[in-house]
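Structure assessment
Here is how the chains run, residue by residue.
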Amino acid sequence: MSKRLAELLILSGYLILAVLLYRSTASYPPSVQGSTAMYVRFLGTALGVLCTLELLLWFKNRGQGETDKLKLTTAPIRFWGLAILLVVYAASLSMLGYDLSSAIFLPIAMLLLGATKPLSIGLTSAGVLFFVYLVFAKLLEVPLPGSTLF
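The following paragraphs examine the structure supplied in this document. (Residues numbered from 1 in each chain as written. Predicted model: local features only at pLDDT ≥ 70, side-chain atom pairs only at ≥ 80, totals over all residues. Heavy atoms only, no water.)

Comments concerning the nonpolar core
The criterion, for reference: Buried residues of nine kinds, namely Ala, Val, Leu, Ile, Met, Phe, Trp, Tyr and Cys, make up a nonpolar core once their side-chain atoms join them within 4.5 Å. With a 1.4 Å probe rolled over the protein chains alone, any residue whose accessible area is under 20% of its type maximum counts as buried; one over 50% counts as exposed, and the rest are partly exposed. Helix numbers and strand numbers start at the N terminus; a helix is a DSSP run of H or I with at least 4 residues, a strand a run of E with at least 2. Note on contacts: a residue pair is in contact if any heavy atoms of the two residues lie within 4.5 Å.
Counting nine residues, the largest nonpolar core consists of Leu85, Tyr89, Leu93, Tyr98, Phe105, Leu106, Ala109, Leu129 and Val132. When residues of this core are traced back to their parent elements, those giving at least two are α3 (76-112) and α4 (118-139). Per element, the largest residue contribution to this core is seven residues, and it comes from α3. Ignoring sequence-local partners within four residues, the contact set of leucine 85 consists of Phe105, Ile108 and Ala109.

Structure follows, in C-alpha coordinates:
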(Lines give C-alpha, C1' and ligand atoms only; values in the text may rest on other atoms or scores of the structure.)
Protein backbone atom coordinates (compact mmCIF):
# COMPACT_ATOMS: atom_id res chain seq x y z
CA MET A 1 0.00 0.00 0.00
CA SER A 2 1.31 3.43 -0.89
CA LYS A 3 1.44 6.36 1.51
CA ARG A 4 -1.02 8.31 -0.63
CA LEU A 5 -3.60 5.51 -0.54
CA ALA A 6 -3.19 5.17 3.23
CA GLU A 7 -3.71 8.93 3.63
CA LEU A 8 -6.85 8.77 1.49
CA LEU A 9 -8.28 5.87 3.49
CA ILE A 10 -7.56 7.52 6.84
CA LEU A 11 -8.99 10.87 5.76
CA SER A 12 -12.10 9.19 4.36
CA GLY A 13 -12.55 7.33 7.63
CA TYR A 14 -12.29 10.53 9.64
CA LEU A 15 -14.75 12.24 7.32
CA ILE A 16 -17.25 9.42 7.85
CA LEU A 17 -16.64 9.66 11.60
CA ALA A 18 -17.36 13.40 11.48
CA VAL A 19 -20.69 12.82 9.71
CA LEU A 20 -21.67 10.06 12.15
CA LEU A 21 -20.68 12.22 15.11
CA TYR A 22 -22.80 15.10 13.87
CA ARG A 23 -25.78 12.84 13.12
CA SER A 24 -25.59 11.19 16.54
CA THR A 25 -26.65 14.43 18.22
CA ALA A 26 -30.18 14.02 16.86
CA SER A 27 -30.79 11.19 19.34
CA TYR A 28 -29.61 13.22 22.36
CA PRO A 29 -32.30 14.05 24.93
CA PRO A 30 -33.89 17.48 24.62
CA SER A 31 -32.31 18.61 27.90
CA VAL A 32 -28.79 18.55 26.39
CA GLN A 33 -29.57 19.78 22.87
CA GLY A 34 -28.40 23.30 23.76
CA SER A 35 -25.18 22.33 25.52
CA THR A 36 -23.63 18.91 24.98
CA ALA A 37 -25.18 18.40 21.55
CA MET A 38 -23.88 21.78 20.39
CA TYR A 39 -20.38 20.85 21.51
CA VAL A 40 -20.53 17.49 19.71
CA ARG A 41 -21.90 19.18 16.58
CA PHE A 42 -19.02 21.65 16.71
CA LEU A 43 -16.51 18.80 16.98
CA GLY A 44 -18.15 16.93 14.10
CA THR A 45 -18.26 20.05 11.94
CA ALA A 46 -14.66 21.03 12.71
CA LEU A 47 -13.42 17.50 11.99
CA GLY A 48 -15.43 17.40 8.77
CA VAL A 49 -14.15 20.77 7.56
CA LEU A 50 -10.52 19.92 8.33
CA CYS A 51 -10.81 16.52 6.62
CA THR A 52 -12.44 18.10 3.58
CA LEU A 53 -9.65 20.68 3.33
CA GLU A 54 -7.02 17.96 3.66
CA LEU A 55 -8.76 15.86 1.00
CA LEU A 56 -8.80 18.86 -1.36
CA LEU A 57 -5.07 19.31 -0.78
CA TRP A 58 -4.60 15.59 -1.34
CA PHE A 59 -6.35 15.74 -4.70
CA LYS A 60 -4.46 18.91 -5.66
CA ASN A 61 -1.11 17.20 -5.02
CA ARG A 62 -2.00 13.79 -6.43
CA GLY A 63 0.60 12.21 -8.63
CA GLN A 64 3.36 13.11 -6.21
CA GLY A 65 4.69 10.29 -4.08
CA GLU A 66 2.48 7.60 -5.65
CA THR A 67 5.29 5.05 -5.54
CA ASP A 68 6.33 5.64 -1.93
CA LYS A 69 5.62 2.49 0.04
CA LEU A 70 3.97 2.79 3.42
CA LYS A 71 6.38 1.91 6.20
CA LEU A 72 4.75 1.82 9.62
CA THR A 73 7.91 1.72 11.65
CA THR A 74 11.64 1.20 11.54
CA ALA A 75 11.39 -1.28 14.45
CA PRO A 76 8.57 -3.69 13.59
CA ILE A 77 9.23 -6.03 16.52
CA ARG A 78 8.82 -3.19 19.01
CA PHE A 79 5.76 -1.85 17.22
CA TRP A 80 3.87 -5.15 16.93
CA GLY A 81 5.05 -6.27 20.36
CA LEU A 82 3.64 -3.13 21.93
CA ALA A 83 0.41 -3.44 19.94
CA ILE A 84 -0.07 -7.02 21.13
CA LEU A 85 0.90 -6.04 24.68
CA LEU A 86 -1.74 -3.27 24.69
CA VAL A 87 -4.44 -5.72 23.59
CA VAL A 88 -3.40 -8.21 26.29
CA TYR A 89 -3.36 -5.39 28.87
CA ALA A 90 -6.85 -4.22 27.93
CA ALA A 91 -8.15 -7.79 28.05
CA SER A 92 -6.54 -8.46 31.43
CA LEU A 93 -7.99 -5.37 33.13
CA SER A 94 -11.33 -7.01 33.92
CA MET A 95 -9.80 -10.25 35.16
CA LEU A 96 -6.73 -8.99 37.06
CA GLY A 97 -7.84 -5.44 37.89
CA TYR A 98 -6.06 -2.18 37.26
CA ASP A 99 -3.32 -2.54 39.87
CA LEU A 100 -2.00 -5.97 38.93
CA SER A 101 -2.47 -5.51 35.17
CA SER A 102 -0.64 -2.19 35.20
CA ALA A 103 2.10 -3.50 37.48
CA ILE A 104 2.77 -6.22 34.91
CA PHE A 105 2.21 -4.10 31.78
CA LEU A 106 4.39 -1.08 32.60
CA PRO A 107 7.73 -2.87 33.15
CA ILE A 108 7.22 -5.17 30.16
CA ALA A 109 6.35 -2.19 27.93
CA MET A 110 9.39 -0.29 29.16
CA LEU A 111 11.66 -3.27 28.45
CA LEU A 112 10.10 -3.67 25.01
CA LEU A 113 10.72 -0.01 24.23
CA GLY A 114 14.38 -0.23 25.17
CA ALA A 115 14.72 0.58 28.88
CA THR A 116 17.54 -1.41 30.45
CA LYS A 117 18.03 -0.27 34.06
CA PRO A 118 15.93 -2.36 36.48
CA LEU A 119 15.95 0.32 39.18
CA SER A 120 14.61 3.03 36.86
CA ILE A 121 12.01 0.64 35.43
CA GLY A 122 10.81 -0.28 38.92
CA LEU A 123 10.76 3.29 40.23
CA THR A 124 9.01 4.63 37.13
CA SER A 125 6.37 1.89 37.23
CA ALA A 126 5.75 2.42 40.94
CA GLY A 127 5.62 6.19 40.48
CA VAL A 128 3.09 5.98 37.65
CA LEU A 129 0.89 3.56 39.61
CA PHE A 130 1.06 5.73 42.72
CA PHE A 131 0.33 8.93 40.77
CA VAL A 132 -2.69 7.39 39.01
CA TYR A 133 -3.95 6.04 42.34
CA LEU A 134 -3.63 9.44 44.03
CA VAL A 135 -5.19 11.45 41.22
CA PHE A 136 -7.97 9.15 40.08
CA ALA A 137 -8.84 7.02 43.12
CA LYS A 138 -8.28 9.57 45.89
CA LEU A 139 -8.57 13.06 44.38
CA LEU A 140 -11.22 12.48 41.69
CA GLU A 141 -12.78 9.43 43.40
CA VAL A 142 -12.94 7.48 40.15
CA PRO A 143 -13.20 3.75 40.81
CA LEU A 144 -10.37 1.91 39.09
CA PRO A 145 -11.19 -1.48 37.54
CA GLY A 146 -11.22 -4.21 40.13
CA SER A 147 -10.28 -7.84 39.83
CA THR A 148 -12.83 -10.58 39.14
CA LEU A 149 -10.20 -13.25 39.71
CA PHE A 150 -9.36 -12.43 43.35
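Topic: the environment of leucine 50
Residue placement: leucine 50 occurs in helix α2 (residues 36-60). Each C-alpha atom of the pair leucine 50 and tyrosine 14 lies 9.6 Å from the other, and the pair is 36 residues apart in sequence.

Description of the packing of helix α1 (residues 3-24) against α2
Short version of the rule: With axes taken as lines fitted to C-alpha atoms, and helix axes fitted only over the stretch in contact, angles between N-to-C directions fall between 0 and 180 degrees. For classification, angles of less than 35 degrees are called roughly parallel, those exceeding 145 degrees roughly antiparallel, those between 65 and 115 degrees roughly perpendicular, and all remaining angles oblique. A crossing counts as left-handed when the near helix is turned anticlockwise from the far one by less than a right angle, and as right-handed when that turn is clockwise. Residues are grouped as follows: Ala, Val, Leu, Ile, Met, Phe, Trp, Tyr, Cys and Pro are nonpolar; Asp, Glu, Lys and Arg are charged; every other residue, Gly included, is polar.
At a minimum axis separation of 8 Å, α1 and α2 run at an interaxial angle of 155°. Between α1 and α2, the interaxial angle falls into the category roughly antiparallel. Note on packing geometry: the crossing formed by α1 with α2 is left-handed. Judged by residue contacts, Arg4, Glu7, Leu8, Leu11, Tyr14, Leu15, Leu17, Ala18, Leu21, Tyr22 and Ser24 of α1 engage Val40, Arg41, Leu43, Gly44, Thr45, Leu47, Gly48, Cys51, Thr52, Glu54, Leu55 and Trp58 from α2. Class assignment of the residues belonging to the contact of α1 with α2 gives a composition of 14 nonpolar, five polar and four charged.

Points about the packing of aromatic side chains
Aromatic ring pairs are defined here through the distance separating the ring centres and the angle between the ring planes. What counts is decided by this rule: Side-chain rings of Phe, Tyr and Trp, where Trp is taken by its six-membered ring, are said to pair if the distance between their centres is within 6.5 Å; with planes under 30 degrees apart they count as stacked, over 60 as edge-to-face, and otherwise as tilted.
A full pass over the atoms with the stated rule returns two aromatic pairs. Consider the rings of tyrosine 89 and phenylalanine 105, whose centres lie 4.4 Å apart with planes at 25°: the pair is stacked. Like tyrosine 89, the residue phenylalanine 105 is buried in the burial classification.

Topic: α2
Just so we agree on the cut-off: How far a helix is expected to stretch is found by multiplying one less than its residue total by 1.5 Å.
Helix length check: α2, at 25 residues, gives a terminal C-alpha distance of 36 Å against a target of 36 Å (1.5 Å per residue), a fit within 8%. Buried-residue contacts for α2 involve α1.

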